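Descriptive analysis of the structure
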Amino acid sequence: MTPLAIIIGYLVLLLLCGTLANRFSRRTAKDYMLASHSIGPVLLLLSLFGTTMTAFALVGSTGKSFQWGVGVYALMASSSGIIHSLCFFLVGVKIWSIGRKNGYTTQVEYFRQRLESRNFGTLLFVVLVLLVIPYLLIGILGGGAVIHGITDIVPDWLGSLMICAVVLTYVFIGGMRGTAWANAFQTVIFMVLGLVAFLVIANELGGGEGIWAGLVAATRQVQEAHPEKLTMGPPVFKSLFFMSYLLIPLSAAMFPHIFQHWLTARSAGTFKLPIIVHPIFIAIVWVPCVLVGTWATSALMANGEPLIPPDLKSVNLVLPMMVAKLSGPVLSGLLAAGILAAVMSSLDSQFLCLGTMFTNDIVLEIKGREHYSDRQVVLLARLFIIGIVVVTYLISLMKPPGIFDLAIWCFTGFTGLVPLVVASLYWKKLTRAGAYASLLVTVGSWIYFFSMAGYPPDLKYKFLEMLPVATIFLLSTTALVVVSLLTRPPSDQTLALFFPSGKDKRAGS
Amino acid sequence: MKYVAWILICLLVVLHQCTFPWQSEELYLGFIPGVLGYHLVISLATAGAWILVVKFAWPADLDPPSPGEGDS
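None of the values given here were measured: they were computed from a predicted structure.

Thresholds applied
Residues numbered from 1 in each chain as written. Chains lettered and ligands numbered in written order. Predicted model: local features only at pLDDT ≥ 70, side-chain atom pairs only at ≥ 80, totals over all residues. Helix = DSSP H or I, 4+ residues; strand = E, 2+ residues; numbered from the N terminus. Rg over C-alpha atoms; globule rule 2.2 N^0.38 Å. Buried ≥ 20, exposed ≤ 12 C-beta atoms within 10 Å, placed from the backbone. Contact = placed C-beta atoms within 7 Å. Axes fitted to C-alpha atoms, helices over the stretch in contact; angles between N-to-C directions. Parallel < 35°, antiparallel > 145°, perpendicular 65-115°, else oblique. Left-handed = near helix turned anticlockwise from the far one by under 90°. Nonpolar A, V, L, I, M, F, W, Y, C, P; charged D, E, K, R; others polar. Domains from an automatic or database assignment. Expected span 1.5 Å × (residues − 1). Bend = angle between axes of the 7 residues up to and from the residue. pLDDT = per-residue confidence, 0-100. Core = buried A, V, L, I, M, F, W, Y, C linked by C-beta atoms within 7 Å.

**As for the overall build of chain A**
Along chain A, the regular secondary structure elements total 20 helices and zero strands. Taken over the C-alpha trace, chain A has a radius of gyration of 23 Å; the compact-globule value for 509 residues is 23 Å, and the two agree within 12%. Across its three principal directions, the C-alpha atoms of chain A cover 75 × 50 × 40 Å. Taking all 509 residues of chain A together, 59% fall into the buried category. Long-range contacts, defined as pairs at least 24 residues apart, comprise 84% of the intrachain contacts of chain A with a sequence gap of at least 6.

Quick look at the structure:
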């Protein structure tokens, strides 16, 4: 009962956070969707970090390290530190500047005007929603599994329902401001609790002789039993495969929910702190998890039996099992809260973003903005968010197989669209036809490779010894450049909105 | 300095791809495996390089002129 009480207490705290944010609301659509561009550097750092780090950062990283060893940090974490900050700097800051000047709220709105095409925006909306839904499912299913795994009395479906209800409530009442506050709170929670779990596990693995002795003893045990987990090499780690993984974190540049978070910034300077600190935050979360996952391969119980069965199928259970076996119910409950924090800090932004896009880019676009008051716009966004939550929850009840392995395919799809956003910011000659070509080639090649990988997806599937994302990215870029060069660019009037005078030479070159 | 900062970021990408620490059997501080230590240093160096980029290569004129609302 203790873990359940801690989880419920944590969920109540989140609801209070949303309620508090609501008190600061300006009751306008702009405040609901963009927090009136009032988010400062610390809040932006925490909300961007919380949004980009899903539950995978805690449970997935530990599970993958159990399978592949410490190389997982190099594969997924240190690369994200470089690439995410690069996306914030090269894409985020410029998007903020242009978005603030031209009054955008969503990615679709931005592309519609940049490419002078309403239909392109609608097609992009469909593609983005299709790529986000599996991502939502991962959060909902993962959260339900964690609550069930740790409490043992709450079934998966009820755990998922609790998560949906809480996220829905604070997004509903707090809007973007509530989401940013809740994200910040949850980011602090999952970082702190992850570290606490790490230190407790280290202490226990060292036989209670102190944390430092535990750290040394746990790694030495791996060195003796599974030295290969402390190095990198074939069959998992090969140069080309490793290089292609560098493209996965690039997907952050096209996440619609990150786009919306960028627009909440108070000023361009607000981005400086997230750009610098993001890689350090990644290290703080990932290094302990990767070490715990690696230690789990060799940790033994008092009777000499492995602490974690070597043939464990659900590797996402490694962290909860380590905590449950090496600590008491209080830490188990706190860890569950930390994992839920990581899950919900991504879910909330995605829910809000989908609601905003539907209202802004579909309903208002079709019927005309003049037909709706601010209150009605907010109401529409809320209704669509409820609809999305209900549909996603119902899909989650069917427990689609292999859903967790879909994450890499979602990221692959978003990375395929990255040439589009980069060209839109830095290349005047990008045309509507070039954008269509890039989008359609991404969709087509994604479907081809996905069908080749089979379902549930085979994570070991490679093309030319690389992840398919490398080929998709190359094809998308080629299609964009070739078709753009053959067709007519947007009007000077439109380009002036995106390439202000004085910067033209640099931006258009 | 602007170019130095960007060269540093590129260098970090190249260092990230280097395979020479992959088979390191060293343990830093007695518990951090060599390859993990190497990539941890890359993460910290990345933050340092971004400090330089932000300081010396920050684009000018990004803030739109007086939007008249929103800043609080």
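That shown, we press on.
**A few points about the packing of helix H16 (residues 407-426) of chain A against helix H17 (residues 432-453) of chain A**
Residues and elements named next belong to chain A. For the pair H16 and H17, the least separation of the axes is 9 Å and the interaxial angle reads 160 degrees. Here H17 runs roughly antiparallel to H16, going by the angle between their axes. For the pair H16 and H17, the crossing hand works out as right-handed. Touching Trp-409, Thr-412, Gly-413, Gly-416, Leu-417, Pro-419 and Leu-420 of H16 are Ala-435, Ser-438, Leu-439, Thr-442, Trp-446 and Phe-450, all from H17. Classifying every residue of the contact of H16 with H17 gives eight nonpolar, five polar and no charged.

**Focus: the domain arrangement of chain A**
Interfaces are frequently sized by the accessible area removed from exposure as the parts join. Domain assignment breaks chain A into domain 1 (2-24 + 54-66 + 118-232 + 280-398) and domain 2 (406-509). Here the C-alpha centroids of domain 1 of chain A and domain 2 of chain A sit 30 Å apart.

**Notes on helix H8 (residues 156-205) of chain A**
All names here are of chain A. The end-to-end C-alpha separation of H8 is 31 Å, well short of the 74 Å expected for 50 residues at 1.5 Å each. The largest bend along H8 reaches roughly 125 degrees and is located at Gly-175. Burial of H8 is extensive: 35 of the 50 residues sit out of reach of the surface. Where H8 terminates, the next one or two residues include Gly-207, which has phi positive at roughly 70 degrees.

**Focus: the interface of chain B and chain A**
If you look at the interface, chain B gives 33 residues, while chain A gives 40 residues. Residue classes in the side of chain B that touches chain A are distributed as 19 nonpolar, eleven polar and three charged.

**A few points about unusual backbone geometry**
It is generally the case that most residues other than glycine have a negative phi and that most peptide bonds are trans. Residues and elements named next belong to chain A. Residue Pro-235 is bonded to the preceding Pro-234 through a cis peptide linkage, with omega at 5 degrees. Its location among the elements puts Pro-235 in the loop between helix H9 (211-225) and helix H10 (239-244). If you check the backbone angles, Leu-464 has positive phi at about 55 degrees while not being a glycine. Among the structural elements, Leu-464 can be located in the loop between H17 and helix H18 (468-486). In this structure Leu-464 comes out as exposed when scored by C-beta crowding, with 10 C-beta atoms within 10 Å.

**Re the environment of A:Tyr455**
The topology assignment puts A:Tyr455 in the loop between H17 and H18. As a C-alpha pair, A:Tyr455 and A:Asp405 span 50 residues in sequence and 9.6 Å in three-dimensional space.

**Things to note about the environment of A:Ile98**
Residue position: A:Ile98 is located in helix H5 (residues 71-102). Sequence spacing of A:Ile98 and A:Phe498 is 400 residues, and the spatial spacing of their C-alpha atoms is 6.4 Å.

**So, the confidence of the model for chain B**
All names here are of chain B. Looking at chain B, the pLDDT average stands at 88 and 89% of residues meet or exceed 70. For chain B, the element scoring lowest by mean pLDDT is helix H1 (residues 2-17), at 93; strand S2 (residues 32-33) scores highest, at 97. The low-confidence segment residues 68-72 (pLDDT under 50) makes seven contacts with residues lying over four places distant or belonging to another chain. Prediction confidence for the complex, expressed as pTM and ipTM, is 0.92 and 0.91 respectively.

**Thoughts on the nonpolar core**
Residues and elements named next belong to chain A. Formed by 196 residues in total, the largest nonpolar core has its most connected members in Val-167, Trp-286, Ala-337, Ile-339, Leu-340 and Ile-385. The dominant element in this core, judged by the number of residues it contributes, is H8, at 23 residues. There are two domains that each give this core at least three residues, and those are domain 1 (2-24 + 54-66 + 118-232 + 280-398) and domain 2 (406-509). Once you skip the residues sitting within four places of it in the chain, Ile-339 turns out to touch Ala-55, Leu-58, Val-59 and Val-146.

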